[in-house]
Every structure is written in C-alpha cells, then in structure tokens.
Amino acid sequence: MQLGFLVDLHLCMGCKGCEIACKVENEVPLSTWRLRVKYVDVGSFPETRRTFTPLRCNHCENAPCEKICPVSALHYLENGIVNIDKERCIGCAGCVMACPYGAIYIDPQTQTADKCTYCAHRIASSMMPACVVACPVQANIFGDLDDPTSNISKYIQHNQGNVQVRKPEKGTNPHHYYVGGGNVTLNPLASHRVDGHQLFNKITTLPVGGHH
Amino acid sequence: MAAHEILAATNAVVTLDVALPGIVWPWLVTVNMWAKSIGTGVIFMLFLLLRKHPEAAGSLRFPTTVVSIIFIHIFLLFTLADLHQPFKMWHIFFYPHLTSAITVGAWMATAFVGLLFLLAFLSFIKKDNAAFDKTLTWVVILAIPVTLYTAGLMSQCTARELWQMPTESAQMIFAALLSGSAAMILLGGSKLDYEAKKTLGVVLGLSAMMSFILYMSEYVFGPMKAEEVAAVLEYIKGDGPYTVMFWLGQWIAYLLPMLLIVLSRTSKSENILKLAAILALAGLWLVKHVWLIIPQLLPMS
C-alpha cells in the first residue's frame, strides 16, 4: 500500500475548510500549520485571477526529513506515510531545514518537530484525513496509489499530462500530486511575496518554535 | 527577493498566506561551525608543526590539546543550546539513525573528544611524547571527518540548494586550516620561532586565498546553474540585506589577512602576522554566518 494525495486545483475555491479541519483534528497550536492554503493573484487589472494552493507535507518516497533526522523520529509507516514520533524528537530542526516544501515546523508547545501525517491516526481507524472530509468540493482526493481501482489512481489516469508535483528536480518523489497546477501555484519563486501586505494578515515571518 | 522573468509576464503576487518560519538555524549554529573549525584546525597545525619544526613545536603539545578541547566543547555546548529539546540529546546515542550526518557527526565528535583527553593525559600526566605523537596521527585522521560532517549535514538539507557537498566540504577544510593556523600563530607566542610562524602564515594565506576563490566562484557562477541559488545570492548582492556583512567577512577573513601576510614576510614583522590571525578568526565568523543565514531567507513554499 502506498497512500497518496491529490488536489484538483480547478476545484479548490480557497475556503480554507481543510486548513481549519486540520487545525482542529490535530490540535495544531497557534502560529503553526500542518496544512495551509496559499492565495496567489495573477495578472494585471482587468485580466486577473486568484489561485488557491493547499500546501502540506508531500510524504516523499525519498524524504530528506527522514534521512536527516538523527534519531529516526521521522519514519515511514508501512502505508507510505512519513510519520513523526514527537517523544523521540530532539528538536534539532534538521528536518525543517531539509524539507524543500517548508512543510515541517517546530511545535511551540512541545518544542519538537511536527507536520502533516495524512491524519495517520484516522487512517488507522479506516477514516479519511480530516481535510478530505471537510472539503466542500471534493478537491482533495486521497487513497492507495498502488491500487489501480482507487479514486486517486483513476484520477491520475484520467488527468494524465496534467498531473504535477512540487519541485520534481529535488528528486524527492512526492506522493502528493496536483491537477491543474502551474509555475505560479507550485513554484514559490514565481511570485512576489511583499512583506506585510496580505489580505487578512500582515505578519510575514514568525520565530521558529516561539523563541531563538 | 530576486526578480524572475516569470514575474514580469504573470505579475504573480502572494496575497494571502500564513506566516512563514523565520531563521531556523540561528547564530548559535555559526558559533558551532566556527568553534569546530578552530578545535580541529589547531590539531592539524600541531601535526604539521611537529613534522616541519619539531624543536619549536615540542612545547605546544599540551597547550594545543587544551585549546582544542576548549573549542570543541564550545562547539558541543552551542550544538546543545541550539536544540529545542536539549535534554533529549542522549537519544542520538540510543536511537541513532545512521543516514543522518548529525548522528554520524555526534558519534565522531564524541570519539574525538575522548582522544583529545587521551592526548592531554599523555602530554600532561604521562609526559610521553612518543605515545602522544603516535596518537596524534589517529586524532588528525579523525579530525578530517569531524571537520567535514557539517558539510554533509548542510548538503542533506535538500531545501537549501546553495549548500553543495563538494564546495562546502572544501570550505570546511579551508576554514579549519585558516582558523587553526591563525590560532596557532596567536598561541605560539614566544615558543614558536619566526620560521615556524612563517609556515603557519603560508597555510593561513593559502587557505584564505582558496576560500575566497571558492566564494567568488559561487558568487559569480552559482546563479548560472540553479534558480534557487540565484535567488539566494540576491541577498548578498546590490542592496541585499546581507551584502555588507558578506563583503565585510570576505575582507576581514580573507583579503586583509592575505595582504598582511605578504606585508609581514617583507617586513619580517610578527605583529603584522598576529593582526592577520586575529582578523582571520573574526572574519571567519562573519563569512560562516552569512552563508548559514541567506538560504534560510528564501520562502520554501
């Protein structure tokens, strides 16, 4: 079994329901996020559009975070999920530095690394991840990539030629796919990030782990 | 932020996102790398001096070992201070993950500390120079991977394109030679004759030159290879936030010491050599800090 995720960006409307569901399900502390939806505005008036990109851990086949972790706190589960053992983590932040997707953070309460686990605890009870359940337009598709009859496999087959991963050049082989993505949505270098100028939030950066 | 061609075409702007994490590895890690360079560098230099100038270097066996012990402990202390869970450090020894450069480095550094204490015992308690020199060979061999493992660690940071193993490992070795020779020039005092100090000056000057060439190579040619490297190097170009610190570091660590070493050789001045050593040690911290911080300024997602 190889669990994977696919987000159809044609469907996502940026409601952030997944973001909130994740926060609640996993009790993610203030100032940190396991899953977030990034808005990027493209074009010049009147030819403009807004894109929405949910960003979470990519559960890479060749995960840099797993390799760099000195104590195996980050480890693979049999179903392909890259999981984290917070009890074992020493908080060296090597994983935060290694992840090319910025998906790992230091939990300010426990001072250990944390990230999306595809809701491994829910999967163990045969439930879908919280973000999948919360999505009102079924933009999040989750399932077994090894099973050709699973929804995610069928979706990938149906959208051949339009399935992307983030930063494929890194050689991490993500198990998280996007349909309808492009340079602007998937490449952070392809958009301006103006300090302090956002719709509802003027904070651009926060201290790692609440101190340092 | 680097201006990419794509921006002009799409005018893409992030209009809503969460706050991104700030600097993950702060100045504590700079001190870690700086102190380790000195800790292993003085051992390399003691080995060199004992072969090239055995008479003059004989009395430096114990003082050099003590200096190495002090700086390796500064390195270990700051490594520990940088952990968010320092009291779980022991997990590295009981749950080791051998694909991690952090684990391998921690094990090697521990063995290195053990050998340093053995050297101190042999020189101070047993006063056995033959046994010291024999052990020193093994300590020097171990000092090489201890110096290099941080380069491995930086290279394992897939997210940070700037840090590539070949250049980082060369930089680590040159930093150890630079800081080791500088520290020995200062430590030598009246015990080292001028000829021995001249040898150290040559090592200092050459390692400064090689480091400078490497940094300039990355500065000029790095952006031609990868978009991320180009974006990161924008932070030290033009009116970038780290431009001043970068060039200050290059001048203080490399260019001025090189000039001063030439000057000290022509004027046979030990004081000028000492000034070069002090500048190299101070500048190395700046250079290391800039190179540590700038890849962390780039948004990863």
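See the structure shown above.
Residues numbered from 1 in each chain as written. Chains lettered and ligands numbered in written order. Predicted model: local features only at pLDDT ≥ 70, side-chain atom pairs only at ≥ 80, totals over all residues. Heavy atoms only, no water.

Enquirer: Any chance you could explain the nonpolar core here in plain terms?
Expert: The nonpolar side chains of soluble globular proteins are, as a tendency, buried together. Residues Trp25, Phe112, Trp163, Ile236, Tyr254, Trp291 and Ile294 of chain B are the most contacted members of the largest nonpolar core, which totals 152 residues. Not counting chain neighbours up to four residues away, the residues in contact with Ile236 of chain B comprise Tyr219, Tyr242, Thr243, Phe246, Trp247, Val290, Trp291 and Ile294 of chain B. (Core = buried A, V, L, I, M, F, W, Y, C linked by side-chain atoms within 4.5 Å. Buried < 20%, exposed > 50% of the residue type's maximum accessible area, 1.4 Å probe, protein only. Contact = heavy atoms within 4.5 Å.)

Enquirer: It is not clear to me how the sheet that holds strand β2 (residues 36-44) of chain A should be interpreted in this structure. Could you clarify?
Expert: Within a sheet, adjacent strands bond to each other through the backbone by hydrogen bonds, running parallel or antiparallel. Taken together, the three strands give an open sheet; going across it, the order is β3(A)-β2(A)-β1(B), and neighbouring strands pair in antiparallel fashion. Here the strands that pair on one side only, and so sit at the sheet edges, are β3 (47-55) of chain A together with β1 (13-16) of chain B. When the angles between neighbouring strand axes are averaged without regard to direction, this sheet yields 35 degrees. (Pairing = 2+ DSSP bridges. Helix = DSSP H or I, 4+ residues; strand = E, 2+ residues; numbered from the N terminus. Axes fitted to C-alpha atoms, helices over the stretch in contact; angles between N-to-C directions.)

Enquirer: What am I meant to see in the interface of chain A and chain B here?
Expert: In many analyses, interface size is given as the accessible surface area lost on bringing the parts together. With 69 residues of chain A in contact, the opposing surface of chain B contributes 53 residues. Counting each side, the surface lost to burial between chain A and chain B is near 5,400 Å², with a carbon and sulfur contribution of 58%. Inspection of the region where chain A meets chain B yields five salt bridges. Between Lys170 of chain A and Glu161 of chain B there is a salt bridge whose closest N-O contact spans 2.7 Å. The tally of links from chain A across to chain B stands at 40 residue pairs in polar contact (both at pLDDT 80 or more). Every element with two or more residues in the side of chain A that touches chain B is listed here: β2, β3, α2 (64-68), α3 (94-98), α7 (183-186) and β11 (205-206) of chain A. In terms of residue count, β2 of chain A provides more of the side of chain A that touches chain B than any other element does, nine residues in total. Among the residues forming the side of chain A that touches chain B, the class breakdown is 32 nonpolar, 22 polar and 15 charged. (Buried area = accessible area lost by both parts, 1.4 Å probe. Salt bridge = Lys/Arg side-chain N within 4 Å of Asp/Glu carboxyl O. Polar contact = N/O pair within 3.5 Å; in protein donor to acceptor, adjacent residues only side chain to side chain. Nonpolar A, V, L, I, M, F, W, Y, C, P; charged D, E, K, R; others polar.)

Enquirer: What exactly am I supposed to notice about the pattern of salt bridges here?
Expert: Any two side chains of opposite charge can pair, on the condition that their charged atoms come close. Within the structure shown, the criterion is met by 14 salt bridges over all chains. Notably, a salt bridge pairs Asp17 of chain B with Arg193 of chain A, separated by 3.0 Å at the nearest N-O pair. Residue Asp17 of chain B is located in the loop between β1 and β2 (20-21), and its partner Arg193 of chain A is located in the loop between α7 and β11; the two belong to separate chains. Assigned by exposure class, Asp17 of chain B and Arg193 of chain A land together as buried.

Enquirer: How do you make sense of the state of the cysteines when you look at a structure like this?
Expert: A disulfide bridge is the covalent bond that connects two cysteines by way of their sulfur atoms. All names here are of chain A. Going through the model one piece at a time under the given rule, you end up with zero disulfides over all chains. Between Cys95, a free cysteine, and Cys89, which holds the nearest cysteine sulfur, the sulfur-to-sulfur gap is 6.1 Å. Accessibility expressed as a relative area gives 7% for Cys95, which makes it buried. Cysteine Cys119 is unpaired, with the sulfur of Cys131 as its nearest cysteine sulfur at 6.1 Å. (Disulfide = S-S within 2.5 Å.)

Enquirer: How should the packing of helix α2 (residues 27-52) of chain B against helix α12 (residues 270-293) of chain B be read in this particular structure?
Expert: A pair of packed helices can be characterised by two numbers: the angle between their axes and the separation between those axes. Residue and element names in this part refer to chain B. Where α2 meets α12, the closest approach of the two axes is 9 Å, and the angle between their N-to-C directions is 135 degrees. Judged by the angle between their axes, α2 and α12 are oblique. Of the two elements, α2 crosses α12, and the hand of that crossing is right-handed. Residues Trp27, Val29, Thr30, Val31, Met33, Trp34, Ser37 and Ile38 of α2 touch α12, and the partners they reach there are Leu281, Leu284, Trp285, Lys288, His289 and Leu292. In terms of residue class, the contact of α2 with α12 is made up of 10 nonpolar, three polar and one charged. (Parallel < 35°, antiparallel > 145°, perpendicular 65-115°, else oblique. Left-handed = near helix turned anticlockwise from the far one by under 90°.)

Enquirer: I'm lost on the packing of aromatic side chains in this one. Help?
Expert: Remark: the centre distance and the inter-plane angle together describe each pair of aromatic rings, the angle taken between the planes. All names here are of chain B. Evaluation of the coordinates by the stated rule reveals 18 aromatic pairs over all chains. For the pair Trp34 and Phe71, a centre-to-centre distance of 6.0 Å together with 70 degrees between the ring planes defines the contact as edge-to-face. Remark: Phe71 occurs in helix α4 (residues 61-82) and Trp34 occurs in helix α2; sequence separation between them is 37 residues. Through pairs of rings, three or more aromatic residues link up here, namely Tyr215, Tyr219, Phe246, Trp247, Tyr254 and Trp291. The aromatic ring of Phe124 is capped on one face by Lys127, whose charged end is 5.3 Å from the ring centroid. One residue, Lys237, lies across the ring of Tyr219, its end atom 4.7 Å from the ring centre. (Phe/Tyr/Trp six-rings, centres within 6.5 Å; stacked < 30°, edge-to-face > 60°. Lys NZ or Arg CZ within 6 Å of the ring centre and 35° of its normal.)

Enquirer: What is the right way to read the side chain of Lys170 of chain A from this model?
Expert: Tracing the backbone through its elements, the reader meets Lys170 of chain A in the loop between β9 (163-164) and β10 (176-179). Given the relative accessible area of 12%, Lys170 of chain A is considered buried. Here the side chain of Lys170 of chain A touches Glu161 of chain B through a polar contact of 2.7 Å, side chain to side chain. In terms of polar contacts, Lys170 of chain A uses its side chain to reach the side chain of Glu228 of chain B, at 3.2 Å. Not counting the four nearest positions on each side in its chain, Lys170 of chain A is found in contact with Pro100 of chain A together with Thr158, Ala159, Glu161 and Glu228 of chain B.

Enquirer: It is not clear to me how the sheet that holds strand β1 (residues 3-8) of chain A should be interpreted in this structure. Could you clarify?
Expert: All names here are of chain A. Within the open sheet, the four strands sit side by side as β8-β1-β10-β9. Their pairing is mixed. The two strands at the open ends of the sheet, each matched to only one other strand, are β8 (140-144) and β9. Summarising the sheet, β1 and β10 pair through four bridges and their orientation is parallel. Along β10, the bridge assignment pairs Asp8 with Val179. Contacting β1, β8, β9 and β10, helix α6 (residues 151-158) crosses the sheet at an angle of about 115 degrees to β8.

Enquirer: Which parts of the structure should I look at to understand helix α6 (residues 101-125) of chain B?
Expert: The α-helix advances 3.6 residues per turn, and as a result positions three or four apart in sequence lie on the same side. Over its 25 residues, α6 of chain B extends 35 Å from the first C-alpha to the last, a length consistent with the 36 Å expected when each residue adds 1.5 Å. The distance from a side-chain oxygen at the start of α6 of chain B to the backbone nitrogen of Ile102 of chain B is 3.1 Å, and the residue carrying that oxygen is Ser100 of chain B. (Expected span 1.5 Å × (residues − 1).)

Enquirer: Help me understand the environment of Leu148 of chain B, please; the structure alone is not making it clear to me.
Expert: Residues and elements named next belong to chain B. Turning to its location among the elements, Leu148 is positioned in helix α7 (residues 129-155). As for Leu148 and Met89, which are separated by 59 residues in sequence, their C-alpha atoms are 21 Å apart. Other than its neighbours up to four places away in sequence, Leu148 contacts Met165, Ser169, Met172 and Ile173.

Enquirer: What is the right way to read a nonpolar patch on the surface from this model?
Expert: Residues and elements named next belong to chain B. A contiguous nonpolar patch, built from Trp90, Phe93, Phe94, Tyr95 and Trp107 and spanning about 540 Å² of accessible area, is present on the exposed surface. Topologically, Tyr95 is positioned in the loop between α5 (91-94) and α6. Residue class for Tyr95 comes out partly exposed when judged on its relative accessible area of 31%. (Patch = residues over 30% accessible without salt bridge, like charges linked within 9 Å, V, L, I, M, F, W, Y side chains within 5 Å. Areas by Shrake-Rupley, 256 points an atom, 1.4 Å probe, with all protein chains shown as cover.)

Enquirer: I tried to follow unusual backbone geometry on my own but got confused; where do I start?
Expert: Residue and element names in this part refer to chain A. Put simply, Phe45 and Pro46 share a cis peptide bond, and its omega is 5 degrees. Mapping Pro46 onto the fold places it in the loop between β2 and β3. One non-glycine residue with positive phi stands out, namely Gln111, at about 55 degrees. By secondary structure assignment, the location of Gln111 is in the loop between β6 (105-106) and β7 (113-114).

So far we have only geometry, and geometry alone does not tell us how the molecule works.
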